[in-house]
Amino acid sequence: MGSNRERWMWSVLSTGEVPAGERFDWYSDIVSREVMPAALSSERPAEFQGEAAVLDLGQIRASRFTLSPLRSRRTSAMIRRGDPEQYQLALLRKGATSLSQHRSECTIGAGDLMLWDTSRPSDNQMPAAGGQVRATILLLPRHIMPLRTQRLDQVLARRIPGDKGMAAILASFMTSLEDHGAECTPEELHRLGTVAVDLATACLAQQLDVESQLPAEVRTQALVQRIHAFIEHNLGDPELDPSAIAAHHNISVRTLHQLFHGQGESVQARIRRRRLEQCRADLARPGLRGRRVGAIAARWGFSGPVVFSRSFREAYGISPTDFRALSIGDALAERSA
């Protein structure tokens, strides 16, 4: 494991350097040889394009891919030839896909999630009419999942809407992981791997209505992530404070503070930091240069311009007005260069 400054990048596999007529066969061979045996087919193999990448998260891995439409089948014979023994939980970010497995089938679109088991036969089809498909996938070894196999069988090939409950929190986490995972150190990625397992487990348990049967640490991690999401969605509310957060989640303020004890910052510190980060981002946007600094501060929940200016200078060593002038000046200079 490297130093704290070391970063682990996505390991990328792309058809971009392969001659067009050979891309589909090359990609099919790579998948069957390096991932798991599967029969891939395409209605337009000569037009196929694909890119896949993997990020190591310690006990699990995350993958992302962008593909032209294809069909992927796994038979019992293929499973006997090679099986990573994983549950794969996908967040579809673009396009549409259909999955059949274990007497169940579903079709999902952008924003939905679905689960499949590499140890069971499956048939995954991406319709040509839907265009390219883009997805982020958590590769979860079967042995680390605290839910029993018989339970998880019930949610295989089932559409999981990603816009509510734990599924929405998991979808947001997976999106951030794809967008910003390469910025993390190996140690941070390992911690994110643990969070990913807990969130995936909590999401699936909610689908199965068995959340009360989860291990205490999984329930705690899921609650912490729900609280983080609540804070993000309510940063603009000046009444957002520990009492409001605790009341919304039916816990005591003392319990809330205990949950944040190992987070590296208090509840109040997290609210303040995220408000400042959002203000800083708005101040740097040329498109918002006509908006008053005080209006930006109020948008993100600060009680007044004096409090905001003092907090901003303490955090960044510069006044909001000076930061805006420098940031927008640099951005405009880059555009005209």
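Structure shown above.
Since this is a predicted model, take the numbers as computed values, not measurements. Here the residue numbering is sequential within each chain, running from 1 through the sequence in written order. Where local features are concerned, this predicted model is filtered to residues with pLDDT of at least 70; where side-chain atom pairs are given and counted, the filter is 80 or more; whole-chain, interface and lining totals use all residues. Calculated side-chain values reflect all of the structure's heavy atoms, with hydrogen atoms and water omitted.

## Structural notes on helix H11 (residues 305-316)
What counts, and what does not: Helix and strand definitions follow DSSP, with helices as H or I runs of at least four residues and strands as E runs of at least two, each counted in order from the N terminus. In this analysis, the expected span of each helix is defined as 1.5 Å times one less than the number of residues it contains. Exposure classes here rest on a 1.4 Å probe applied to the protein chains alone. A residue is buried below 20% of its type maximum, exposed above 50%, and partly exposed in between. Taken from the helix axis, the directions to the C-beta atoms give the arc we talk about.
Here H11 contains twelve residues, and its C-alpha end-to-end distance of 16 Å stays within 8% of the 16 Å for a straight helix at 1.5 Å per residue. Phe308, Ser311 and Phe312 are the residues of H11 that are buried. One face of H11 carries all of its buried residues, which in axial projection span an arc of 100°. Facing away from the buried side of H11, by more than 90 degrees, are the exposed residues Val306 and Glu314. Following H11 by one or two positions, glycine 317 adopts a phi angle in the positive range, close to 75°.

## Section: the pairing of strand S7 (residues 96-101)
Put simply, the rule reads: Strands are treated as partners if at least two bridges between them are detected by DSSP.
Residue alternation in S7 divides its side chains into a buried set, Thr97, Leu99 and Gln101, and an unburied set, Ala96, Ser98 and Ser100. One ladder, built from six bridges, connects S7 with strand S8 (residues 104-109); its direction is antiparallel. Across the sheet, residue serine 100 finds its bridge partner in S8, namely glutamate 105. In textbook terms, the turn of a hairpin is the stretch between consecutive antiparallel strands, and for S7 and S8 this stretch comprises two residues, one of which, histidine 102, has a positive phi near 50°. Pairing analysis gives three bridges linking S7 to strand S10 (residues 122-125), with the strands arranged antiparallel.

## A short note on the side chain of histidine 249
Stated precisely, the cut-off is as follows: Here a polar contact is taken to be a pair of N or O atoms separated by no more than 3.5 Å, where protein atoms must pair a possible hydrogen donor with a possible acceptor and residues adjacent in sequence count only if both atoms sit in side chains. Residue contacts are counted whenever heavy atoms from the two residues lie within 4.5 Å of one another.
Note on placement: histidine 249 falls in the loop between helix H7 (242-248) and helix H8 (253-259). For histidine 249, a relative accessible area of 14% gives the class buried. At 2.9 Å, the side chain of histidine 249 and the backbone oxygen of isoleucine 245 are in polar contact. Beyond its immediate chain neighbours, meaning those up to four positions away, histidine 249 contacts Leu223, Arg226, Ile227 and Phe230.

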